[in-house]
Amino acid sequence: MTENTERIKCLILGSGPAGLTAAIYTSRADLKPVLYEGLQPGGQLTITTDVENFPGYPDGVNGTEMMEQFKRQAERFGTDIRWGLATSADLSQRPFKVIIDEEKTIIADIIIIATGSSAQWLNIESERRLNGFGVSACAICDGFFYRGLDVAVVGGGDTAAEEATYLSKICRKVHMIVRRDVLRASKAMQQRVFDTPNIEIHFNHVTKEILGEKTVNGVLMTNVKTGEDVKLDISGFFVAIGHKPNTDIFEGQLELDENGYIITKPGSTQTSVEGVFAAGDVQDHVFMQAITAAGSGCMAAIEAERSL
Ligand code: NDP
């Protein structure tokens with residue numbers, strides 16, 4: 001075994017509620033887990049607003065703070081938490097082989113995949129060109145830059161509604177660009193949007209182009225009913241149209257659904273490969289909540305322990 005190869009019992013990929021809950025349980029069960037945090041330490045909750053629906057926090061809790069507490073709890077029982085990203089994997093034989101940051105090899109008996117999902121983009125040229133220069137997928141991270149200005153949020157789900165509501169407190173006006181004539185967001189979130197006077201919803205509109213040379217100064221949208229183009233003057237453009245599971249390195253090795261989510265056995269976190277478990281948003285496009293992710297992280301840890 002070379003210096004850059006390490007043999008371990010249990011490898012956890014991802015540091016959101018699923019990964020860290022799996023870490024708490026596997027470390028308490030003495031599986032000596034090693035956890036790699038991935039691209040976004042703490043996962044998606046670190047870029048959300050206050051979490052008000054995680055039981056045990058009657059007054060709500062900041063997402064980043066909550067994930068720091070998860071991490072502290074996992075470390076308390078000895079989880080070895082490391083900065084690093086799994087860049088390839090070989091699940092064809094056991095023990096499994098995972099390469100971290102293209103250089104370190106981890107050989108593990110058990111893998112718990114909790115790599116979550118990432119924001120989707122519209123995939124238009126101006127979005128790519130102006131990303132970071134007025135185009136963002138995170139209102140909490142970037143809203144501050146548009147204080148007192150006009151912005152647009154594209155999407156009609158809970159994320160878009162939440163981002164628009166958040167931005168409405170900072171910005172002068174928030175335009176929501178919604179491709180259908182209804183919002184997909186939950187009734188409660190919809191009501192919050194409707195009740196906010198400085199949010200204007202543009203139903204039946206799609207984004208044609210984000211305008212601006214070096215920074216965003218407008219958006220051109222098309223009315224899908226009339227075909228008419230409408231220009232809005234804005235300084236920030238927020239994309240909130242859903243997520244893509246982080247499963248690229250497992251393609252062809254694990255059974256995935258048509259959208260790339262890992263398929264697990266019903267009522268279990270067992271993937272199509274024995275000894276590989278999946279928890280959290282990487283295998284769940286229905287609930288996608290911190291509490292359900294944490295619950296499935298716990299299931300993965302218990303199933304992992306029983307499988308050894
Ligand atoms: P969703 O998939 O629920 O919604 C995506 C939205 O973007 C839909 O309105 C969809 O339109 C629209 N959309 C998708 N692709 C495009 C496109 N190319 N152009 C324009 N519009 C597009 O994703 P969310 O991220 O909003 O939510 C994901 C999950 O997380 C949901 O289950 C949600 O309930 C949950 N969530 C819960 C929160 C909370 O409880 N506080 C906060 C945030 C999310 P269409 O409707 O036409 O498909």
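Located above this text is the structure these notes cover.
Residues numbered from 1 in each chain as written. Predicted model: local features only at pLDDT ≥ 70, side-chain atom pairs only at ≥ 80, totals over all residues. Heavy atoms only, no water.

1. Comments concerning the sheet that holds strand β12 (residues 173-177)
No. 1: Spatial ordering of the open sheet is given by β10-β17-β11-β12-β13, a layout of five strands whose pairing is parallel. Each edge of the open sheet is held by one strand with a lone partner, namely β10 (135-136) and β13 (199-202).
No. 2: For β12 and β13, the ladder comprises four bridges, and the chain directions are parallel. Its bridge partner being in β13, His 175 is matched across the sheet by Glu 200. (Pairing = 2+ DSSP bridges. Helix = DSSP H or I, 4+ residues; strand = E, 2+ residues; numbered from the N terminus.)

2. A look at the packing of aromatic side chains
No. 1: Tallying each qualifying case throughout the model produces five aromatic pairs.
No. 2: With a centroid separation of 6.5 Å and an interplanar angle of 85°, the aromatic rings of Phe 145 and Tyr 146 are classed as edge-to-face.
No. 3: For the ring pair Tyr 146 and Phe 238, a centre distance of 5.7 Å and an interplane angle of 90° mean the geometry is edge-to-face. With Tyr 146 in the loop between α4 (139-142) and β11 (150-154) and Phe 238 in strand β17 (residues 236-239), this pair connects stretches of sequence that are 92 residues apart. (Phe/Tyr/Trp six-rings, centres within 6.5 Å; stacked < 30°, edge-to-face > 60°.)

3. Comments concerning the nonpolar core
No. 1: Core analysis: the biggest nonpolar cluster contains 29 residues, and Ile 12, Leu 20, Met 66, Phe 70 and Ile 112 have the highest contact counts within it.
No. 2: For this core, the secondary structure elements donating two or more residues are β1 (5-13), α1 (17-28), α2 (63-76), β8 (104-113) and α7 (290-307).
No. 3: Counting residues per element, this core draws most heavily on α7, at six residues.
No. 4: In terms of nonpolar packing, the next biggest core, distinct from the first, is built from 22 residues, Val 34, Tyr 36, Ala 89 and Phe 250 among them. (Core = buried A, V, L, I, M, F, W, Y, C linked by side-chain atoms within 4.5 Å. Buried < 20%, exposed > 50% of the residue type's maximum accessible area, 1.4 Å probe, protein only.)

4. Side note on helix α6 (residues 187-194)
No. 1: Among the residues of α6, those classed as buried are Met 189, Gln 190 and Val 193. Taken end-on, α6 shows its buried residues confined to a sector of 105°, consistent with a single buried face. Opposite its buried face, α6 presents the exposed residues Lys 187 and Ala 188, each directed more than 90 degrees away.
No. 2: Buried residues along α6 sit in contact with α5 (158-168), β12 and β13. (Arc of directions from axis to C-beta. Contact = heavy atoms within 4.5 Å.)

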